Structures are given as structure tokens and as C-alpha cells.
Amino acid sequence: MRRNEAGGWIVVGLVLAGLAIPWFLWGSATVVAGLPVWLWWHVGWMGFASLVFWLFTRRAWGIGIEPAGSDGDSSGSREVGPGEAGPGGDAP
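Fair warning: this is a prediction, and the values are worked out from it, not measured in the lab. (Residues numbered from 1 in each chain as written. Predicted model: local features only at pLDDT ≥ 70, side-chain atom pairs only at ≥ 80, totals over all residues. Heavy atoms only, no water.)

S.K.: I'd love a proper account of the packing of aromatic side chains, names of residues and values included.
M.R.: Counted by the stated rule, this structure contains eight aromatic pairs. Ring geometry for Phe24 against Trp41: centres 5.1 Å apart, planes inclined by 85 degrees, an arrangement best described as edge-to-face. Of this pair, Phe24 sits in the loop between helix H1 (2–18) and strand S1 (31–32) while Trp41 sits in helix H2 (residues 37–59), placing them 17 residues apart in sequence. A relative accessible area of 52% places Phe24 in the exposed class. For the ring pair Phe56 and Trp61, a centre distance of 5.8 Å and an interplane angle of 65 degrees mean the geometry is edge-to-face. By relative accessible area, which is 22% here, Phe56 ends up partly exposed. Residue classification places Trp61 among the exposed positions, given a relative accessible area of 55%. Here the aromatic residues Trp9, Phe53, Phe56 and Trp61 are joined through ring pairs into a cluster of three or more. (Phe/Tyr/Trp six-rings, centres within 6.5 Å; stacked < 30°, edge-to-face > 60°. Helix = DSSP H or I, 4+ residues; strand = E, 2+ residues; numbered from the N terminus. Buried < 20%, exposed > 50% of the residue type's maximum accessible area, 1.4 Å probe, protein only.)

S.K.: Tell me about the environment of Ser50, and name the residues and values.
M.R.: Within the element layout of this structure, Ser50 appears in helix H2. Judged by its relative accessible area of 43%, Ser50 falls in the partly exposed class. Each C-alpha atom of the pair Ser50 and Leu16 lies 9.9 Å from the other, and the pair is 34 residues apart in sequence. Separated by 2.6 Å, the side chain of Ser50 and the backbone oxygen of Gly47 make a polar contact. (Polar contact = N/O pair within 3.5 Å; in protein donor to acceptor, adjacent residues only side chain to side chain.)

In C-alpha cells, the structure reads:
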């Protein structure tokens, strides 16, 4: 399942990147509210892309990087008890 989900997110990312620049509107002289329509497309698309990226961070962050079944903490770290050295070096 994670492999299919990763493939889906790759496709979504490619579509977002591919349509970020409105190639199909280049050469269009249409102006809306004083700005070219291709600029409105780009601004709107970047807003949409930011929402998709937010959704990606909530649902799929770490796909293809973290092992399947990970609880999100792949560092293998544990709580440091009194008198034990933490990740920063010697114990205080």
C-alpha cells in the first residue's frame, strides 16, 4: 500500500510542478484586473500547491524514507535517565 501511495504522491508532485508555469497561456494578451491572466493562474496554482503540500505533510511525510511500520521515530533514541549521557555528550 505504501508503494502505491508513494507513486501517487510522485504523480501529484510532477503535475503540480508541470502546471506551475502556465505554458498554455503564454502569448495570451488577456488581462484581468490589470494583470495578465497567466499571472493569475500562477498565483492561484501556487496557492493550490501549498494546500496540497500541507496535505502531504499531514498524510505522507516520510514515505520512501522511513521503513514501513515505523512509529515515526526511526532514530532508535530513547529517554535519557539521570546520570546517563544524552545525545549532546557527557552527562551534567
